[in-house]
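# Commentary on secondary and tertiary structure
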Amino acid sequence: MTRTGFLGAITRVFMWSFLLALVVVVIYPLLWMVLNGFKTNAELFGNPFALPLQLNWQNYAEAWNRGVSDYLTASVLVTVTSTIATVFISAWAAYGLTRVRMPFGRAVSGIILGGLMLAPAVALVPLVRMFQSMGLYNTFWALLILYTAFRIPFTTFLIRAYMIDLPREVDEAAEMDGANRWTTFWRITLPMCRPIIISTVILHVLFAWNEYLFAMVFTSGTTVQTLPVGLTSLMSKHGTDYPVVFAGMVIAALPVIVLFFASQRYFVKGLSEGIGK
Amino acid sequence: MSGQQTTPPSEVTSGAGFRLPPTVTEAITTPAKPGRRSTGRGARSRAARLAGLAWVVPALVLLGVFVYLPLVQNIAFSTQEWDIYSGISEFVGLKNYEKLLQDPVFWSSLSNNLLYAALSIVFQVGGALVLAAMIESLRSIRWRKALRAIYFVPSAISLTVAGLLFYFIYEPNLGLLNNLLDALGLDALAQPWLGQESTAMVAIIAMSQWQGFGYSTLLFAVAIQRIPSELYEAASLDGIGPVRRFLHVTVPLVREMTGLMVIVTVSGAFQVFNEVMVMTSGGPNNSTQVLATWLYRSGFVRNDFGYAAAIATVIFVVTLLIAVAQLWYTRRKKVDF
């Protein structure tokens with residue numbers, strides 16, 4: 001008995017050291033990134049482990065003026081609009097698939113959810129050709145359309161799974177009282193789906209904020225480039241002024257980290273529902 | 001095939017550009033009109049069923065035009081040689097695919113994707129499962145929550161930020177890694193991690209494990225939480241230690257999640273793009289090219305769009321096979337407690 005207790009204690013010590021070491025491996029690079037955003041170039045190339053001598057907020061101002069303000073605006077615009085479009089279109093589709101009789105219902109749900117299987121890279125070449133001929137290449141609309149179209153399957157999938165489990169009696173009661181489907185959807189079903197709607201909003205925001213492939217291929221001007229692409233051009237345009245790049249990275253990372261900590265509960269739910277069903 | 005290549009660009013415009021807005025607005029407004037239902041009985045139900053389609057029309061149109069149509073077009077384009085600047089395309093049959101088979105960079109890209117998949121299974125599936133079991137075995141709920149959240153933070157930031165960050169960590173002069181090795185007296189191991197063929201790919205994959213392990217750990221933790229605690233208590237009472245509890249209770253009962261994670265991880269590994277572009281752009285000497293970056297380079301840098309489309313077809317086939325495996329897997333019997 002004492003032997004297992006001793007072994008157990010050793011195991012626990014090892015486990016805790018491992019878990020805490022991993023915390024350092026995760027946190028330290030991020031902390032280093034934040035600290036480097038406050039250093040001067042000389043400090044950065046001097047001792048990488050040193051703390052900044054003073055908080056150089058100029059790096060942030062510099063990054064902001066060198067395009068980050070434009071990238072941020074573009075990111076916010078694309079993220080907000082594509083989130084609204086994706087979540088509403090997906091919620092309508094999910095309602096249609098779970099509550100409304102329609103011709104070819106099974107085929108429709110197969111087409112919408114089948115989109116989950118398709119990799120965006122596969123469609124890249126034809127999409128470039130299509131967007132060029134539509135005159136949408138290098139516009140805000142290209143990203144809005146692509147982020148919406150490619151995320152509808154996943155978002156619909158999540159909302160549909162939630163709606164299936166909702167009691168139908170409430171809808172039916174509303175219809176008996178003379179409410180039409182449109183009113184039922186807005187007044188009854190959508191409010192009941194609040195938790196999953198919040199999860200899908202958060203997941204979409206994270207996706208749109210961080211997406212790189214489409215953003216890189218479909219935008220090139222400063223005013224339409226989003227943060228992920230903007231950061232790489234900040235890097236290539238300004239050579240070795242690394243502290244400014246670090247400041248830009250912090251500006252890009254901060255909103256999503258805050259969003260994650262503020263909405264963890266919904267977030268975890270969305271992720272586990274998304275993969276578990 | 002020949003009809004496909006002679007399609008003037010303007011037709012695509014009228015096809016997709018003008019049709020979209022009216023259908024979207026129609027879908028929004030149609031269900032709001034209750035008057036549509038007040039016709040005769042047979043006609044009424046048929047009309048009602050047709051009106052039901054309005055709910056899914058926006059999703060169908062967007063998916064049809066921007067997801068499925070390009071997919072079909074891609075296969076057509078892969079049989080053409082197309083110059084994006086002159087707009088001239090010419091049917092060449094399977095020539096792009098023949099070129100693919102003889103292209104050493106295509107094969108090294110494919111093997112980089114496979115390496116990516118293999119290492120991700122080890123760390124992001126196997127490692128994450130062990131880690132999740134460790135976290136969930138802690139007595140303090142606070143610590144469990146805190147660790148899950150901290151480990152997840154790299155997954156919340158974008159791959160671009162993580163990639164740039166590790167670009168600097170691997171940087172030979174100011175980077176953390178070489179300076180850390182120096183400080184530990186291991187300066188013999190210091191090297192230009194991303195600048196040489198022998199280490200560049202592994203360095204990129206290591207970054208992506210750092211970025212992604214918290215995500216799979218979180219999902220495994222959720223799966224472990226669903227296991228009834230009586231099972232663990234019974235095992236403890238029988239004198240079964242933590243390692244055997246993990247092997248005989250946890251592993252079998254989260255196997256559904258494990259299977260899904262393997263599939264999702266492998267599928268993701270064949271779509272890798274962002275981290276490679278940010279950290280090396282496929283260099284040095286194409287040693288870190290993966291299928292998606294080689295597609296990009298072939299098309300958008302070397303102006304060989306037909307060839308790029310052929311690479312895209314390969315990605316399509318691989319990811320489709322993986323998706324079919326996933327469907328088959330999830331349709332099998334679920335784990336019962």
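Since we're looking at a predicted model, the values are computed, not measured.

## Points about the overall build of chain A
- Each helix and strand in chain A was counted, giving 13 helices and 0 strands.
- Sequence-ordered secondary structure for chain A, helices as α and strands as β, is α-α-α-α-α-α-α-α-α-α-α-α-α.
- In terms of overall size, chain A is more extended than a compact globule, its C-alpha atoms giving a radius of gyration of 24 Å where 277 residues would be expected to give roughly 19 Å.
- Each principal axis of the C-alpha atoms in chain A carries an extent, and together these give about 75 × 75 × 35 Å.
- Buried positions account for 48% of the 277 residues belonging to chain A.
- Counting contacts in chain A only where the partners sit at least 6 residues apart, residues at least 24 apart contribute 79% of the total.

## Thoughts on the overall build of chain B
- When its secondary structure is counted, chain B shows 17 helices and 2 strands.
- Counting across all 337 residues of chain B, residues that qualify as buried make up 42%.
- Looking at chain B alone, contacts between residues at least 24 apart form 70% of all its contacts between residues at least 6 apart.

## Quick notes on the nonpolar core
- Formed by 173 residues in total, the largest nonpolar core has its most connected members in Met 249 of chain A together with Ile 311, Ala 312 and Ile 315 of chain B.
- Other than its neighbours up to four places away in sequence, Ile 315 of chain B contacts Ala 119, Ala 121 and Val 122 of chain A together with Phe 270, Gln 271, Leu 291 and Ala 292 of chain B.

## A look at the interface of chain A and chain B
- Taken residue by residue, the interface counts 77 residues in chain A and 72 residues in chain B.
- It is helix α1 (residues 2-36) of chain A that provides the largest number of residues to the side of chain A that touches chain B, a total of 11 residues.
- For the side of chain A that touches chain B, the per-class residue count stands at 62 nonpolar, 13 polar and 2 charged.

## Observations concerning the domain arrangement of chain B
All names here are of chain B.
- Domain assignment breaks chain B into domain 1 (2-77) and domain 2 (101-331).
- Each partner contributes to the interface: domain 1 provides 4 residues, whereas domain 2 provides 6 residues.
- Looking at the side of domain 1 that touches domain 2 residue by residue, the class counts come to 3 nonpolar, 1 polar and no charged.

## What about the domain arrangement of chain A?
- When the domains of chain A are assigned, the result is domain 1 (2-36) and domain 2 (66-276).
- Taking only C-alpha atoms, the centre of domain 1 of chain A and the centre of domain 2 of chain A are 36 Å apart.

## A closer look at helix α8 (residues 141-156) of chain B
- Helix length check: α8 of chain B, at 16 residues, gives a terminal C-alpha distance of 22 Å against a target of 22 Å (1.5 Å per residue), a fit within 8%.
- Among all positions in α8 of chain B, only Leu 147, Arg 148, Tyr 151, Phe 152, Pro 154, Ser 155 and Ala 156 of chain B are buried.

## Some remarks on unusual backbone geometry
Residue and element names in this part refer to chain B.
- Cis geometry is adopted by the peptide bond preceding Pro 284, which originates at Gly 283 and carries an omega value of -10°.
- Tracing the chain through its elements places Pro 284 in the loop between α15 (274-279) and α16 (291-301).
- Located in the positive-phi region is Asn 286, a residue other than glycine, with phi close to 60°.
- Note that Asn 286 resides in the loop between α15 and α16.

## Thoughts on the packing of helix α12 (residues 242-262) of chain A against α8 of chain B
- Between α12 of chain A and α8 of chain B, whose axes approach to 9 Å, the crossing angle comes to 140°. Regarding the angle of α12 of chain A to α8 of chain B, the classification is oblique. The two elements α12 of chain A and α8 of chain B cross, and the hand of that crossing is right-handed. From α12 of chain A, Val 256, Ile 257, Phe 260 and Phe 261 of chain A reach across to α8 of chain B, where they touch Ala 149, Phe 152, Val 153 and Ala 156 of chain B.
- Tallied by class, the residues present in the contact of α12 of chain A with α8 of chain B amount to 8 nonpolar, no polar and no charged.

## Brief notes about the environment of Gly 67 of chain A
All names here are of chain A.
- For Gly 67, the position within the fold is in helix α3 (residues 58-99).
- Separated by 156 residues in the primary sequence, Gly 67 and Thr 223 have C-alpha atoms spaced 8.5 Å apart.
- When near neighbours in sequence (up to four residues on either side) are disregarded, Gly 67 contacts Thr 222, Gly 230 and Leu 234.

## Points about the environment of Ser 281 of chain B
- Within the secondary structure, Ser 281 of chain B is located in the loop between α15 and α16.
- Sequence separation of Ser 281 of chain B and Tyr 97 of chain B is 184 residues, and the distance between their C-alpha atoms is 24 Å.

## Observations regarding the environment of Phe 305 of chain B
- Note on placement: Phe 305 of chain B falls in helix α17 (residues 305-331).
- When the 27 C-beta atoms within 10 Å are taken as the criterion, Phe 305 of chain B is described as buried.

## Things to note about the confidence of the model for chain B
All names here are of chain B.
- Model confidence for chain B is summarised by a mean pLDDT of 83, while 85% of its residues fall at 70 or above.
- Low pLDDT, under 50, characterises residues 1-40; the predicted model gives this stretch 42 contacts beyond four residues in sequence or across chains.
- In the predicted assembly, ipTM is 0.90 and pTM is 0.86.

Here is what the cut-offs are and how they apply
Residues numbered from 1 in each chain as written. Chains lettered and ligands numbered in written order. Predicted model: local features only at pLDDT ≥ 70, side-chain atom pairs only at ≥ 80, totals over all residues. Helix = DSSP H or I, 4+ residues; strand = E, 2+ residues; numbered from the N terminus. Rg over C-alpha atoms; globule rule 2.2 N^0.38 Å. Buried ≥ 20, exposed ≤ 12 C-beta atoms within 10 Å, placed from the backbone. Contact = placed C-beta atoms within 7 Å. Core = buried A, V, L, I, M, F, W, Y, C linked by C-beta atoms within 7 Å. Nonpolar A, V, L, I, M, F, W, Y, C, P; charged D, E, K, R; others polar. Domains from an automatic or database assignment. Expected span 1.5 Å × (residues − 1). Axes fitted to C-alpha atoms, helices over the stretch in contact; angles between N-to-C directions. Parallel < 35°, antiparallel > 145°, perpendicular 65-115°, else oblique. Left-handed = near helix turned anticlockwise from the far one by under 90°. pLDDT = per-residue confidence, 0-100.

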